[in-house]
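For reference, the chains in residue letters:
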Amino acid sequence: MTDWTDVAAVEDVPDEDVLGVVADGLRIALFRLEGEIFALHDLCSHGQAFLSDGFVEDGCVECPLHQGLIDIRTGAARSAPITEAVRSFPTRVIGDRVEVGL
């Protein structure tokens, strides 16, 4: 069973960009792509860099420290030096609020 946690208003998640939030003490990066909201652990799997500080383009977020790419929809590594996926979380919208499954 998924524990859903309210993390943000839908309107606060920018189109084709990222919003960093904290849910139950865990940093989460929220993204909106083509109207759909995605959530990743807000920490690059290659090192100590927050993805919420990264650049979003073509469905990926670029690590601000290493410039490696991570697929926003799945958390999969898309370019070196990142080789491990970033944890992704399910999301849902209830009314005007975004919830993340932790």
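A few points on the structure. The model shown is predicted, which means the values in this text are computed figures rather than measured ones.

## Describing the overall build of the chain
Across its full length, the chain carries 0 helices and 10 strands. Secondary structure elements of the chain, listed N to C terminal, follow the sequence β-β-β-β-β-β-β-β-β-β. Over its C-alpha atoms the chain spans a radius of gyration of 13 Å, differing by no more than 12% from the 13 Å that the globule rule assigns to 102 residues. Taking the principal axes of its C-alpha atoms as reference, the chain extends roughly 40 × 25 × 20 Å. Counting every position in the chain, which comprises 102 residues, the buried fraction comes to 43%. Summed over its atoms, the accessible surface of the chain is roughly 5500 Å², and 46% of this surface lies on carbon and sulfur atoms. Of the side-chain charges in the chain, 7 are positive and 19 negative, and the distance between the mean point of each set is 4 Å.

Criteria and cut-off values
Residues numbered from 1 in each chain as written. Predicted model: local features only at pLDDT ≥ 70, side-chain atom pairs only at ≥ 80, totals over all residues. Heavy atoms only, no water. Helix = DSSP H or I, 4+ residues; strand = E, 2+ residues; numbered from the N terminus. Rg over C-alpha atoms; globule rule 2.2 N^0.38 Å. Buried < 20%, exposed > 50% of the residue type's maximum accessible area, 1.4 Å probe, protein only. Areas by Shrake-Rupley, 256 points an atom, 1.4 Å probe, with all protein chains shown as cover. Lys, Arg positive; Asp, Glu negative; His and termini not counted. Charge placed at Lys NZ, Arg CZ, Asp CG, Glu CD.

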